[in-house]
Amino acid sequence: MSRTNPPHRRLRRRSVTIAGALVGAAALTVSTLSTATAGEDADTLARVDNPYEGASLYVNPDWSAAATEGGGSAIADTPTAVWLDSRAAITGGSAGNSTGLREHLDNAVAGGYDAIQIVTYNLPGRDCAALASNGELGPEEIDVYKTEFIDPINEIVSDPAYADLRIINIVEIDSLPNLVTNVGSRETATPECDEMLANGNYVKGVGYNIATLGDNENVYNYIDIGHHGWIGWEDNFQASADLLFEAANAEGATPEDVAGFAANTANYSATVEDNFAIGDTIGGQPIRGESSWIDWNNYVDEQSFAQDFATVAAPAAGFPDGLGVIIDTSRNGWGGADRPTGPGPETSADEYVDGGRYDRRIHLGNWCNQSGAGLGERPTASPAPNIDAYAWIKPPGESDGSSEEIPNDEGKGFDRMCDPTYEGNPRNQNNMSGALPDAPISGHWFQAQFEELMANAHPPL
């Protein structure tokens, strides 16, 4: 389906620093930027530069109830995203989301919220490098994705009843970056990712998603950019931005349909590593090349990666200057007794980095139900230049995947990276998985993980 509405004007984002942004729970109350001019039409005036600014964010009642029942009343009023990860999720009844999208939007309007966060996550051949989060659509079902997933969502969000509600759309996580890192002759390649690169359905799906939903002035599309431990190497960084730009021009989309990017969604990378920097040297040798943890990556944390993606890679690819990034901080706090209080010893690069890093994973490539993780920064608007928000996109307590094979009717496979006994593969350089035991399938409530996230929260609860 081609776009029927004329291209609408987008406000260009300026790089801003707002000191003292609130680390609130249900409401973010930083003053709204106003950059529209008197000559612009009413629709353009209604659009804001950063949808998180001055906004009271919707609290998902499904997650809030699960968190309260799980002993998390201290955080149960924190805004988290609504995940639309199947056709059934649109009307309600999927794991972790018994409320349908229209009811969520009605709740948001009735509750006086300014914004709601949704994740659209149902591409054909979804998550081609991770069996645990495979979806319901086969690799060739792009038409089903368009007509039975995106179009019904659009029919709901385009209802004038929601015109004053900012709808923040996190677009198809763990999709396009896979087509850069897990294809071709790379050791990390999978046949499934090669297939999705060849058939173009990730690019088409993301393009159709942002073109269709982006025709609504109150929808703000943020395209997933993985995380620094995935895309932060030179071979991956600009190539990922270039591929995103290709998708932003596919299926009727334009770069004007992109409000920004989403980093670290559902992942564990530390927001800021305070105890070392990428330019540090030990014994005259740069830690970038000598530390096995960094392993020639250009970044040591999510914030520096996200800022450079927005200000360097994205404009070089063709995106407008000044787009912002959302960083998911729902599980990257890494607090508790094991949190370092300073740099490691300067006896070697490995000891210096490993002794000081907040991120306590065995390897940056580990992603499933990570042992020792904690809740991170609370949702915050404009915490740093070019960062639109710290946000809890992945609802804490929802599993990444089962630790053993569990039959299900959701299309979810069993990925050994969720097995605590697994000794790894090339994507984590053959390290142990670091996963917690006894996990349910992805999206289902995992009480043991939730309790650990609260116990290790930083800032502490």
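Located above this text is the structure these notes cover.
Let me sum up the structure you'll find in this document. Computed from a predicted structure; not experimentally measured.

Moving on, we get to the sheet that holds strand S8 (residues 324-328). The eight strands are arranged S1-S2-S3-S4-S5-S8-S10-S9 in an open sheet whose pairing can be described as mixed. Where the open sheet ends on each side, the last strands, each with one partner, are strand S1 (82-84) and strand S9 (380-384). On average, adjacent strands in this sheet sit at an angle of 30 degrees to one another, irrespective of strand direction. Of the pairings in the sheet, the one linking S8 to strand S10 (residues 387-391) comprises four bridges and is parallel in character. In the strand pairing of S10, valine 325 is matched with isoleucine 387.

Let's shift gears to the nonpolar core. Core analysis: the biggest nonpolar cluster contains 70 residues, and Leu105, Leu176, Phe261, Phe309 and Phe319 have the highest contact counts within it. In terms of residue count, the dominant contributor to this core is helix H5 (residues 142-157) (eight residues). Setting aside anything within four residues of it in sequence, one finds phenylalanine 261 in contact with Tyr222, Ile223, Ile225, Leu244, Phe309, Ala314, Phe319, Leu323, Gly324, Val325 and Ile326. In this structure, Tyr121, Ile170, Ala389 and Ile393 belong to the second largest nonpolar core, which totals 22 residues.

This brings us to the state of the cysteines. Within this structure, the stated rule accounts for two disulfides. The side chain of cysteine 128 participates in a disulfide bridge whose partner is cysteine 193; the two sulfur atoms lie 2.0 Å from each other. Note on the cysteine 128 and cysteine 193 pair: the S-S dihedral is about 95 degrees, so by sign convention the disulfide is right-handed. Highlighted residues: cysteine 128 in the loop between strand S2 (115-120) and H5 and cysteine 193 in helix H7 (residues 191-199), separated in sequence by 65 residues. At a sulfur-sulfur separation of 2.1 Å, the disulfide partner of cysteine 368 is cysteine 418. Across the S-S bond linking cysteine 368 and cysteine 418, the dihedral sits near 100 degrees, which makes this disulfide right-handed. With a gap of 50 residues between them, cysteine 368 in the loop between helix H13 (349-356) and S9 and cysteine 418 in the loop between S10 and helix H14 (447-455) connect regions that are remote in the sequence.

Among the five residues of S8, five are classified as buried, and the element is accordingly described as predominantly covered. In S8, alternate side chains face the same way, and those of Gly324, Ile326 and Asp328 on one face and Val325 and Ile327 on the other are all buried. Bridging between strand S5 (residues 260-263) and S8 involves four bridges; their strand directions are parallel. Counterpart to alanine 262 in the pairing with S8 is isoleucine 326.

What counts as what
- Residues numbered from 1 in each chain as written.
- Predicted model: local features only at pLDDT ≥ 70, side-chain atom pairs only at ≥ 80, totals over all residues.
- Heavy atoms only, no water.
- Pairing = 2+ DSSP bridges.
- Helix = DSSP H or I, 4+ residues; strand = E, 2+ residues; numbered from the N terminus.
- Axes fitted to C-alpha atoms, helices over the stretch in contact; angles between N-to-C directions.
- Core = buried A, V, L, I, M, F, W, Y, C linked by side-chain atoms within 4.5 Å.
- Buried < 20%, exposed > 50% of the residue type's maximum accessible area, 1.4 Å probe, protein only.
- Contact = heavy atoms within 4.5 Å.
- Disulfide = S-S within 2.5 Å.

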